[in-house]
Amino acid sequence: MPGPRSSGDPRPAPDAVGEVIRWAAFSCVLVPVVLLWNGTSPAGAAGTAPGLTAVTAACGLLLRRSERCAARCAAQRGGRHTRSQTPVD
């Protein structure tokens, strides 16, 4: 059994966008199966898969682009916002 990690060990950042895409891909398979289970015609259930896949791919591209843009903006500003930089209502 491996020992506990020391607090100095860097942990990789979780890939939140990848996690969302994996769940969306899973649902692209699950939704047609559930539709078939509930009595939808096979053609109708099969027709949902390409539509869900297209939406998943588009959302994945937009999420990755947003992630890159946020990282670029943070690098240009030297990190995260501080309270002194946020506007006050």
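Described in the following lines is the structure provided in the data block. (Residues numbered from 1 in each chain as written. Predicted model: local features only at pLDDT ≥ 70, side-chain atom pairs only at ≥ 80, totals over all residues. Heavy atoms only, no water.)

## With respect to the side chain of T56
Link 1 in the chain: Among the secondary structure elements, T56 is positioned in helix 2 (residues 42–77).
Link 2 in the chain: Owing to a relative accessible area of 16%, T56 belongs among the buried residues under this scheme.
Link 3 in the chain: If sequence neighbours within four positions are ignored, T56 has contacts with I21, A24, A25 and C28. (Helix = DSSP H or I, 4+ residues; strand = E, 2+ residues; numbered from the N terminus. Buried < 20%, exposed > 50% of the residue type's maximum accessible area, 1.4 Å probe, protein only. Contact = heavy atoms within 4.5 Å.)

## Focus on the pattern of salt bridges
Link 1 in the chain: Counted according to the given criterion, the structure contains two salt bridges.
Link 2 in the chain: R22 serves as the salt-bridge partner of E19, at 3.0 Å between the closest nitrogen and oxygen. One end of the pair is E19 and the other is R22, both in helix 1 (residues 16–37) and three residues apart, which spans about a single turn.
Link 3 in the chain: Among the ionic pairs, R64 bridges to E67, the shortest N-O distance being 3.5 Å. With R64 and E67 both in helix 2, this residue pair falls three residues apart, about one helical turn. (Salt bridge = Lys/Arg side-chain N within 4 Å of Asp/Glu carboxyl O.)

## Looking at helix 1
Link 1 in the chain: Here helix 1 contains 22 residues, and its C-alpha end-to-end distance of 31 Å stays within 8% of the 32 Å for a straight helix at 1.5 Å per residue.
Link 2 in the chain: The largest bend in helix 1 comes to about 25°, at C28, with the proline P32 one to four residues further on.
Link 3 in the chain: Of the residues flanking the end of helix 1, it is G39, one or two places downstream, whose phi is positive at about 95°. (Expected span 1.5 Å × (residues − 1). Bend = angle between axes of the 7 residues up to and from the residue.)

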